[in-house]
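Structure at a glance
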Amino acid sequence: REALRAGQRVGHFAQALRQRLARQRAIEDGLWFCRGGSGMSLLYQPKIDIRAGRVFGVEALLRWQHPELGALSPAEFIPLAESTRTIVPIGEWTLREALRQKCAWRQAGQDICLSLNVSPLQLQPNNCAPSVLEVLIEECDRLGLERGKIELELTEGVLTDPVIMQEMLRIIRAGFRVAIDDFGREHSTLSLLADCPAHTLKIDKSFVDNVVENERQLAIVQFIVALARRLGMQTVVEGIEHLQQLVMLADAGCDYGQGYFYYRPLSGAQILDLRHQN
Ligand code: C2E
Ligand code: MG
Ligand code: MG
Ligand code: MG
């Protein structure tokens, strides 16, 4: 009987594994099919100037309605888009779509700063696709957009890749802004910040989660903010959900905040209804 139970357990395990692989396969096939942006859309989460209490800019966040699986989280499909390299054409679509939206906002009288998430793979040399920088310049020139109001968000892993750091430098020299996203989530090497030309540090949500209960966590946030200031960088904290968190982060001197406490990601049309500071 024991052997039978063990056999059943293996059977269940194999079935769960098969289901997971089938789902992964369906996502990968869908990504290939949708790489021109079909079924994809962007939402925009406001970024608030904490002291002024007003919307300063927005971050574009990708959404995808899979033909069979329905709405998928970027946390699930972005890693697969990276491993299949479909992130390159999808990322290009995202850049163009977000800049088109930024232009539409401006025509409606709101010149809103725009942040874009970019995967490190998109910054690697690639002969088959235009570079991120080429796409940014082309669209900004075509639409008449100000480069200094566009910021790319790169995760801290790029700091250890010299090829991508070179590309980051070119992007900054061309007049665009760069933020280091999710700072502190992985093993951050502080010494790498010494040579990092980025304008902004986005402090990871994990610090915010227990900043109220945990004094040591707060000490780390205060330290990061002080360090950023000394390095001439601005700070954004992501994932603010409660007033108490906001109060502590404001006291710590953070410049900008983002999170459900202020706004969830909104549609391009909803963004126009907010009170902005231009
Ligand atoms: P991220 O860039 O760190 O974006 C922040 C994520 O936290 C977003 O999730 C946002 O909806 C969520 N968030 C914001 N405020 C709160 C809050 O108060 N509480 C909680 N629990 N969550 C909050 P989302 O949209 O699911 O995106 C997840 C990640 O997927 C992003 O993390 C980013 O790394 C990646 N991603 C999203 N869009 C793109 C894209 O266009 N290109 C690339 N390469 N990556 C993207
Ligand atoms: Mg981001
Ligand atoms: Mg982030
Ligand atoms: Mg994050």
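Residues numbered from 1 in each chain as written. Chains lettered and ligands numbered in written order. Predicted model: local features only at pLDDT ≥ 70, side-chain atom pairs only at ≥ 80, totals over all residues. Heavy atoms only, no water.

Another point: the overall build of the protein. Each helix and strand counted, the protein has 10 helices and nine strands in total. Whereas a compact globule of 278 residues would reach a radius of gyration of roughly 19 Å, the protein reaches 21 Å, a difference of no more than 12%. Its C-alpha atoms give the protein principal-axis dimensions of roughly 70 × 50 × 40 Å. With 278 residues in all, the protein has 47% of them scored as buried. Put simply, 68% of the contacts in the protein that link residues at least 6 apart link residues at least 24 apart. Accessible surface for the protein amounts to roughly 14,400 Å². Of this, 52% is attributable to carbon and sulfur atoms. Averaging the locations of the 31 positively and 34 negatively charged side chains of the protein gives two centres separated by 2 Å. (Helix = DSSP H or I, 4+ residues; strand = E, 2+ residues; numbered from the N terminus. Rg over C-alpha atoms; globule rule 2.2 N^0.38 Å. Buried < 20%, exposed > 50% of the residue type's maximum accessible area, 1.4 Å probe, protein only. Contact = heavy atoms within 4.5 Å. Areas by Shrake-Rupley, 256 points an atom, 1.4 Å probe, with all protein chains shown as cover. Lys, Arg positive; Asp, Glu negative; His and termini not counted. Charge placed at Lys NZ, Arg CZ, Asp CG, Glu CD.)

Attention now moves to the site of ligand 1. With respect to spatial proximity, 21 residues lie near ligand 1, and among them Arg-63, Asn-117, Asp-181, Glu-241 and Tyr-260 are the closest. Side-chain polar atom of Gln-45 to a nitrogen atom of ligand 1: 3.1 Å apart, as the coordinates give it. At 2.9 Å, a side-chain N or O of Arg-63 approaches an oxygen atom of ligand 1. Going through the elements one at a time, β2 (54–66), α2 (74–83) and β6 (177–183) are the ones with two or more residues in the shell around ligand 1. Ranked by the residues each element gives to the shell around ligand 1, the list is headed by β2, at four residues. Across the shell around ligand 1, the residue classes tally to eight nonpolar, six polar and seven charged. (Near = heavy atom within 4 Å. Polar contact = N/O pair within 3.5 Å; in protein donor to acceptor, adjacent residues only side chain to side chain. Nonpolar A, V, L, I, M, F, W, Y, C, P; charged D, E, K, R; others polar.)

One way to put it is that helix α3 (residues 87–107) packs onto helix α4 (residues 132–143) with a least axis distance of 10 Å and a crossing angle of 25 degrees. By the criterion of interaxial angle, the relationship of α3 to α4 is roughly parallel. The way α3 lies across α4 gives a crossing that is right-handed. Contact with α3, carried on its side by Glu-92, Leu-95, Arg-96, Leu-99, Arg-100, Cys-103 and Arg-106, involves Val-132, Val-135, Leu-136, Glu-138, Glu-139 and Leu-143 of α4 and no other residues of that element. (Axes fitted to C-alpha atoms, helices over the stretch in contact; angles between N-to-C directions. Parallel < 35°, antiparallel > 145°, perpendicular 65-115°, else oblique. Left-handed = near helix turned anticlockwise from the far one by under 90°.)

Bringing the coordination of the magnesium ion (ligand 4) into the picture now. Ligation of the magnesium ion (ligand 4) by protein atoms is provided by Asp-182 (OD) and Glu-238 (OE), these donors lying 2.2 to 2.3 Å from the ion. Between the magnesium ion (ligand 4) and the magnesium ion (ligand 2) the interatomic distance comes to 6.0 Å. Here Glu-238 lies in the loop between β8 (234–237) and α9 (243–251) and Asp-182 lies in strand β6, a separation of 56 residues in the sequence. Judged by its relative accessible area of 12%, Glu-238 falls in the buried class. (Donors = N, O, S within 2.8 Å, 3.2 Å for Na, K, Ca; no water.)

What follows covers the side chain of Thr-200. Within the element layout of this structure, Thr-200 appears in strand β7 (residues 200–203). On the basis of relative accessible area, Thr-200 is assigned to the buried category, the value being 2%. When neighbours within four sequence positions are excluded, Thr-200 is seen to be in contact with Glu-151, Arg-177, Val-178, Ala-179, Ile-180, Met-233, Gln-234 and Val-236.

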